[in-house]
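# Observations on chain architecture
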Amino acid sequence: LRFLKERRAHSAMLEFAIGERVCFLYAGRQLVFGVLTRYNRKTVTVVSDTGDHWNVEPMALRRARHHRMPRPSGNVLPLYRK
């Protein structure tokens, strides 16, 4: 049974590419947007637009189509790397 569950997770992972924008529901009500960064054994790692790292079951992911990055609020200066 464990093998079948891992096989389903692996099949679902292959539907998404690393670097692709995705979204998922957190706690059944909050939509989280981010970028898929890594395949794990049973989950994938998503870095959200706020910088948080999430390990998410691939069956819970959806492709994010037309979502814009949130603008910083307050007196926030952009960081530049040299």
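Coordinates for the structure precede this section.
Residues numbered from 1 in each chain as written. Predicted model: local features only at pLDDT ≥ 70, side-chain atom pairs only at ≥ 80, totals over all residues. Heavy atoms only, no water.

### Considering a positive patch on the surface
- Taken together, the side chains of Arg2, Lys5, Arg8 and Lys42 make up a positively charged region of the molecular surface.
- Relative to the elements of secondary structure, lysine 42 occurs in the loop between strand E2 (30-39) and strand E3 (44-48).
- Note on lysine 42: relative accessible area 43%, which makes it partly exposed. (Patch = residues over 30% accessible without salt bridge, like charges linked within 9 Å, V, L, I, M, F, W, Y side chains within 5 Å. Areas by Shrake-Rupley, 256 points an atom, 1.4 Å probe, with all protein chains shown as cover. Salt bridge = Lys/Arg side-chain N within 4 Å of Asp/Glu carboxyl O. Lys, Arg positive; Asp, Glu negative; His and termini not counted. Charge placed at Lys NZ, Arg CZ, Asp CG, Glu CD. Helix = DSSP H or I, 4+ residues; strand = E, 2+ residues; numbered from the N terminus. Buried < 20%, exposed > 50% of the residue type's maximum accessible area, 1.4 Å probe, protein only.)

### Description of helix H1 (residues 2-13)
- Along its twelve residues, H1 runs 17 Å from first to last C-alpha, staying within 8% of the 16 Å computed at 1.5 Å per residue.
- When we look at burial in H1, the residues that qualify are Glu6, Ala9, Ala12 and Met13. Buried residues of H1, seen end-on, are gathered within an arc of 125 degrees and therefore sit on one face of the element. The exposed set on the far side of H1, more than 90 degrees from its buried face, consists of Phe3, Arg7 and Arg8.
- For H1, the secondary structure elements touched by its buried residues are E2 and E3. (Expected span 1.5 Å × (residues − 1). Arc of directions from axis to C-beta. Contact = heavy atoms within 4.5 Å.)

### Section: the sheet that holds strand E4 (residues 53-56)
- Strand order across the open sheet formed by five strands is E4-E3-E2-E1-E5, with antiparallel pairing between neighbours. Two strands in the sheet have a free side with no partner beyond their single neighbour: E4 and strand E5 (62-63).
- In this sheet, E3 lies alongside E2 in antiparallel orientation, the contact comprising five bridges. From the neighbouring strand, leucine 36 faces E3, where its bridge partner is valine 46. (Pairing = 2+ DSSP bridges.)

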